[in-house]
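# Observations on the model geometry
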Amino acid sequence: MEKNYIHSTETLGLESERHCDPCIVVIFGATGDLTRRKLMPALYNLYRNGFLAEGSIILGSSRTEYNDEQFREEMRKAIDEFGTDDEKNDPGWDDFAKVLFYISTDVRDSSAYGQLKQKIEEHERSGQSCGNRLFYFAMPPEFFDDIAINLSKVKLNNPANEDSWTRVIIEKPFGEDLESANHLNSLFLKLFSEKQIYRIDHYLGKETVQNLLAFRFGNSIFEPIWNRNYISNVQITAAETVGLENRADYYDRTGALRDMVQNHILQLLSLIAMEPPVNFEADIVRDEKVQVFRAIEPMSRNEIKENVIRGQYTEGVINGNNKASYANEKGVAPNSTTETYAAMKLLVRNWRWADVPFYIRTGKRLEKRLTDITLVFRRTPHLIFRKRGTDEHIANILSIRIQPDEGISFFINAKKPGAGMQLTPVEMDFNYSSTFHTRLSNAYERLLRDCLSGDQTLYSRKDAVEATWSIITPILNTWKEMGSENLYKYPSGSWGPEEANVLVKKDGKKWINY
Ligand code: BG6
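Being a predicted model, the structure only gives us computed values, none of them experimental. (Residues numbered from 1 in each chain as written. Predicted model: local features only at pLDDT ≥ 70, side-chain atom pairs only at ≥ 80, totals over all residues. Heavy atoms only, no water.)

Across its full length, the protein holds 16 helices and 17 strands. Its C-alpha atoms give the protein a radius of gyration of 24 Å, near enough to 24 Å, the size a compact globule of 514 residues would have. With respect to the principal axes defined by its C-alpha atoms, the protein has extents near 80 × 60 × 45 Å. Looking at the protein residue by residue over its 514 residues, the buried ones come to 52%. For the protein, long-range pairs separated by at least 24 residues make up 78% of all intrachain contacts whose partners lie at least 6 apart in sequence. Carbon and sulfur atoms make up 48% of the accessible area of the protein, which amounts to about 23600 Å² in all. Considering the protein, the positive charge centre built from 65 side chains and the negative charge centre built from 73 side chains are found 5 Å apart. (Helix = DSSP H or I, 4+ residues; strand = E, 2+ residues; numbered from the N terminus. Rg over C-alpha atoms; globule rule 2.2 N^0.38 Å. Buried < 20%, exposed > 50% of the residue type's maximum accessible area, 1.4 Å probe, protein only. Contact = heavy atoms within 4.5 Å. Areas by Shrake-Rupley, 256 points an atom, 1.4 Å probe, with all protein chains shown as cover. Lys, Arg positive; Asp, Glu negative; His and termini not counted. Charge placed at Lys NZ, Arg CZ, Asp CG, Glu CD.)

Have a look at this one:
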């Protein structure tokens, strides 16, 4: 019954309502890791599934001297390395390769942009991309200013004609603190309008993250209990087993707070905490999210010391493999104080969430890979089974698994069979793969598609970026002043430093580890 219902919504053609315009996608950083791992597989899938409109082309750009053919070969290798089996074996590659082109550009050299413009216009004259242009900034943030300014010098920041659009996708991190984010925002808003700017956070493209909205606002049973009256605390965990993955240069300057908390985790938090939007339009949804960020007051130095924990991994074992300590990773500065783990308690100071702690934690080289949002409900007001086998309150728990093993579990208490009244938590489980039997699309695929159809709902707006940096920047500043003080070490393969447990224990709570 349930399945029929699900399928009937698919056949209504809801998916096909989203129309992607034909376009030239220019990728700056076309030979980099992000393009190879994420963007090319995503674009290929859009093509395979018919979402890359006819007439679209992809113009890769980076400093490497390739011709079109060499670029196509490189991208083929990327699919072989990072694509799924379906992607690798799809005979459609040869056709897709025909829409891939390349131009070598030094993005810092303004004189290179005339040539880029020429190349774009040549393609536009011979193709059907209708003058629509998307520039993807798949490069480290230190290049963002130059690319934006240089595009504007040759007027590539403006739409080519009245009926076309020009958009830019900017990768995270958008700035490295509040000041630099403000600077970037004001620079970009001089050259582009907010409607043209797509600040990407790939977590928002994850199917399970979007399901959060469906879960909260597509069901009537949760809203009445989704507040301080019923929820004791909220826990958001983004645990990774990976370490630096050859990104020491970026990561050692960045750390877990900037890399994961300012963007991905705060975005998850906002979806849990936001008020119901009146509809699903981009600005309406984003208005509600930003209200959440505004309700989290930046912490004072003392509050930071009290409520925020940072850690750095040491050597240890994960899945039977020895792992080196962060300090000994290639490319990490001697005596680096970069945090590879961060945990904190945040308070969303509004009517719905007053006094409900939001505990968040993220780290590299932890025991397992798991991104999960857990809502711990308040205990029952009175324990009637005392003396009959149940002496303790066992909280109800709602666990929203973002990855892996995507799904939602609700833990309720049931009587253990047998004499007495011994209660035990049992799990009601919804699992994506067994329910839908379908491949979950890659987050970049979803987000690129949204951008090509002009939908900014899952992209961050200026005010949200600034509001999140306002929460994070005082912590960064305090840590900078503190040097290595309170930088707790934790062994690879653990759940992080013990101090993170103390953080929640102080409130009489505990982390729920699955
Ligand atoms: C990226 C971070 O944004 O997200 C990485 O820069 C991190 O350090 C990654 O590993 C995690 O993404 P996912 O989709 O694997 O959870």
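Close to the ligand lie K172, H202, Y203, K206, E240, R247, D259, M260, H264, K364 and Q403. Take E240: an N or O atom from its side chain is 2.5 Å from an oxygen atom of the ligand. With respect to the ligand, the side chain of Q403 contributes an N or O atom lying 2.6 Å from an oxygen atom. With the chains in place, 82% of the 400 Å² that the ligand exposes on its own is no longer accessible. (Near = heavy atom within 4 Å. Polar contact = N/O pair within 3.5 Å; in protein donor to acceptor, adjacent residues only side chain to side chain.)

Let's shift gears to the sheet that holds strand β8 (residues 308-314). The nine strands are arranged β16-β15-β14-β13-β7-β12-β11-β8-β17 in an open sheet whose pairing can be described as mixed. One side of each edge strand has no neighbouring strand; the edge strands of this open sheet are β16 (423-431) and β17 (487-491). Adjacent strand axes in the sheet meet at a mean angle of 20° when their direction is disregarded. In the sheet, strand β13 (residues 370-377) pairs with strand β14 (residues 397-403) via six bridges, with the strands oriented antiparallel. Residue L375 lies in a different strand from β14, and its bridge partner there is L398. Contacting β8, β11 (341-347), β12 (357-363) and β17, helix α16 (residues 498-505) runs over the sheet at an angle of about 10° to β11. (Pairing = 2+ DSSP bridges. Axes fitted to C-alpha atoms, helices over the stretch in contact; angles between N-to-C directions.)

Before going further, it helps to spend a moment on the sheet that holds strand β5 (residues 166-170). Spatially, β3-β2-β1-β4-β5-β6 is the arrangement adopted by the six strands of the open sheet, whose pairing is parallel. Looking at the sheet topology across the chains shown, the edges are occupied by β3 (100-104) and β6 (197-199). With strand direction ignored, the average angle separating the axes of adjacent strands in the sheet is 20°. Contacts from helix α2 (residues 33-48) reach β1 (24-28), β2 (57-62), β3 and β4 (133-137) within the one sheet, and its direction differs from that of β1 by about 170°.

Right, let's get into the pattern of salt bridges. Scanning the model with the defined rule gives 37 salt bridges in all. For R37, the salt bridge identified is with D33, shortest N-O distance 2.9 Å. In this pair, R37 and D33 are both assigned in helix α2, four residues apart and thus about one turn of the helix distant. Looking at R37, the relative accessible area reads 34%, which means it is partly exposed. With a closest N to O distance of 2.8 Å, R133 and E124 form a salt bridge. (Salt bridge = Lys/Arg side-chain N within 4 Å of Asp/Glu carboxyl O.)

Overall, the predicted model of the protein reaches an average pLDDT of 92, with 96% of residues at or above 70. Scored below 50 in pLDDT, residues 1-16 makes six contacts in the model with residues more than four places away or belonging to other chains. (pLDDT = per-residue confidence, 0-100.)

Attention shifts here to the side chain of Q267. For Q267, the location among the structural elements is in helix α10 (residues 248-273). A relative accessible area of 4% places Q267 in the buried class. A polar side-chain atom of Q267 sits 2.7 Å from a polar atom in the side chain of K289. A distance of 3.3 Å separates polar atoms of two side chains, one belonging to Q267 and the other to S460.

Now for the pairing of β8. The buried count for β8 comes to six of seven residues, which makes it a mostly enclosed element. Examined bridge by bridge, β8 and β11 share four bridges and lie antiparallel to one another. Residue pairing across strands places G311 opposite Y341, the latter belonging to β11. In this structure, β8 lies alongside β17, joined through five bridges in parallel fashion. Opposite Q312, over in β17, you have K489 as the bridge partner.

For the structure shown, the criterion picks out 27 aromatic pairs. Here the aromatic rings of Y251 and Y326 are separated by 6.4 Å at their centres, their planes lie at 65°, and the arrangement is edge-to-face. In this pair, Y251 sits in helix α10 while Y326 sits in the loop between β10 (321-323) and β11, placing the two residues 75 residues apart along the sequence. The lysine or arginine in question, R72, covers the ring of F101, its NZ or CZ lying 5.1 Å from the ring centre. (Phe/Tyr/Trp six-rings, centres within 6.5 Å; stacked < 30°, edge-to-face > 60°. Lys NZ or Arg CZ within 6 Å of the ring centre and 35° of its normal.)

A word on the environment of I471. Within the secondary structure, I471 sits in helix α15 (residues 462-482). Taking C-alpha positions, I471 is 6.9 Å from E297, a pair spaced 174 residues apart along the chain. Ignoring sequence-local partners within four residues, the contact set of I471 consists of L266, F293, I296 and L346.

Right, let's talk about α16 for a bit. For α16, every residue scored as buried is listed here: A500, L503 and V504. Taken down its axis, α16 places every buried residue within 85° of arc, on the same side. As for α16, its buried residues are in contact with α12 (301-307), β8, β11 and β12. (Arc of directions from axis to C-beta.)

Here we come to the nonpolar core. One finds F28, F137 and L269 to be the most contacted residues of the largest nonpolar core, which totals 146 residues. Residue contributions to this core peak at 14 residues, all from α10. (Core = buried A, V, L, I, M, F, W, Y, C linked by side-chain atoms within 4.5 Å.)

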